Amino acid sequence: QVQLVESGGGLVQPGGSLRLSCAASGSIFRVDTMGWYRQAPGKQRELVADSTSDGSTNYADSVKGRFTISRDNVKNTVYMQMNSLKPEDTAVYYCGAYLRSRPWANWAHYWGQGTQVTVSS
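Residues numbered from 1 in each chain as written. Predicted model: local features only at pLDDT ≥ 70, side-chain atom pairs only at ≥ 80, totals over all residues. Heavy atoms only, no water.

Q: Looking at this structure, how should I read the overall build of the protein?
A: Along the backbone of the protein there are 0 helices and 11 strands. When the helices and strands of the protein are placed in sequence order, the string is β-β-β-β-β-β-β-β-β-β-β. Relative to a compact globule of 121 residues, whose C-alpha radius of gyration would be 14 Å, the protein shows 14 Å and is just as compact. Every one of the 121 residues in the protein was classed for burial, and the buried ones make up 43%. Once local pairs closer than 6 in sequence are excluded, the contacts in the protein between residues at least 24 apart make up 55%. For the protein, the exposed surface amounts to about 6500 Å²; the carbon and sulfur share of it is 46%. In the protein, which carries 12 positive and 9 negative side-chain charges, the distance between the mean positions of the two groups comes to 4 Å. (Helix = DSSP H or I, 4+ residues; strand = E, 2+ residues; numbered from the N terminus. Rg over C-alpha atoms; globule rule 2.2 N^0.38 Å. Buried < 20%, exposed > 50% of the residue type's maximum accessible area, 1.4 Å probe, protein only. Contact = heavy atoms within 4.5 Å. Areas by Shrake-Rupley, 256 points an atom, 1.4 Å probe, with all protein chains shown as cover. Lys, Arg positive; Asp, Glu negative; His and termini not counted. Charge placed at Lys NZ, Arg CZ, Asp CG, Glu CD.)

Following this line, the structure appears as structure tokens:
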């Protein structure tokens, strides 16, 4: 059983900052990509940023220069520092991880339960 637990969401004023954390636990053999996605009301879930096991990172154009993703491979934890937040960043943020739970298992994508980020004055 694999669990992804997110924390760090909340209400912040425009221009403010938040830091999201996501820890993967349970039966984990190897983790490839970990990342953050978001879904605003009435919109599809979209990639915000991800990080591969070799250190490569990828960002949505809308957050480049404002958000920074990082990870601790020993703790199977991924973080996202969000600065200069805008009202359009308001969404439920989901952590995702692409991993193998056992040496013989297939690679699979796992999701956290989501954490609400609201940017409003």
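Q: Just to check I follow, could you spell out the sheet that holds strand β1 (residues 2–7) for this structure?
A: The strands making up a sheet associate through hydrogen bonds between their backbones, and the pairing can be parallel or antiparallel. The strand order across the open sheet built from 4 strands is β1-β3-β8-β7, with neighbouring strands paired in antiparallel fashion. Only two strands of the sheet have a single neighbouring strand rather than two, namely β1 and β7 (67–72). In this sheet, adjacent strand axes meet at a mean angle of 15° when their direction is disregarded. Sheet analysis places β1 next to strand β3 (residues 18–26), joined by 6 bridges and oriented antiparallel. When the sheet's bridge partners are listed, Q3 is paired in β3 with S25. (Pairing = 2+ DSSP bridges. Axes fitted to C-alpha atoms, helices over the stretch in contact; angles between N-to-C directions.)

Q: Sorry if this is basic, but what is going on with the side chain of R66 here?
A: Examined against the element boundaries, R66 turns out to sit in the loop between β6 (57–59) and β7. Classification of R66 by relative accessible area gives buried; the value is 10%. Of the polar contacts made by the side chain of R66, one reaches the backbone oxygen of S62; its length is 2.8 Å. Within polar-contact distance, the side chain of R66 engages the side chain of D89 at 2.8 Å. When near neighbours in sequence (up to four residues on either side) are disregarded, R66 contacts Q81, M82, N83, S84, L85, K86 and D89. (Polar contact = N/O pair within 3.5 Å; in protein donor to acceptor, adjacent residues only side chain to side chain.)

Q: Where do I start with the state of the cysteines in this structure?
A: As used here, a disulfide is simply a covalent bond connecting the sulfur atoms of two cysteines. Here the structure, examined in full by the defined rule, presents 1 disulfide. Between the sulfur atoms of C22 and its disulfide mate C95 the distance is 2.0 Å. As the torsion about the S-S bond is roughly -80°, the C22-C95 disulfide counts as left-handed. Taken together, the residues C22 in strand β3 and C95 in strand β9 (residues 91–100) connect sequence positions 73 residues apart. Since its relative accessible area comes to 1%, C22 is described here as buried. (Disulfide = S-S within 2.5 Å.)

Q: Help me understand the packing of aromatic side chains in this model?
A: The geometry of two aromatic rings is summed up by the distance between their centres and the angle between their planes. Counting across every chain of the model gives 2 aromatic pairs. When the ring of Y37 is compared with that of W111, the centres are 4.9 Å apart and the planes differ by 70°; the resulting orientation is edge-to-face. One end of the pair, Y37, is in strand β4 (residues 30–39); the other, W111, is in strand β10 (residues 108–111), with 74 residues separating them in the sequence. Geometrically, the ring pair formed by Y98 and W107 is stacked, given 5.6 Å between the ring centres and 20° between the ring planes. (Phe/Tyr/Trp six-rings, centres within 6.5 Å; stacked < 30°, edge-to-face > 60°.)

Q: Whenever I open this one, the nonpolar core confuses me. Can you help?
A: Proteins that are soluble and globular tend to have nonpolar side chains buried together. Core analysis: the biggest nonpolar cluster contains 28 residues, and W36, F67, M80, M82 and Y93 have the highest contact counts within it. Contributions of two or more residues to this core are made by β1, β3, β4, β5 (46–51), β7, β8 (77–82), β9 and β11 (115–119). With 5 residues, the single largest contributor to this core is β9. With near-sequence residues (within four places) excluded, M82 lies in contact with G16, S17, L18, L20, R66, F67, Y93 and V117. (Core = buried A, V, L, I, M, F, W, Y, C linked by side-chain atoms within 4.5 Å.)

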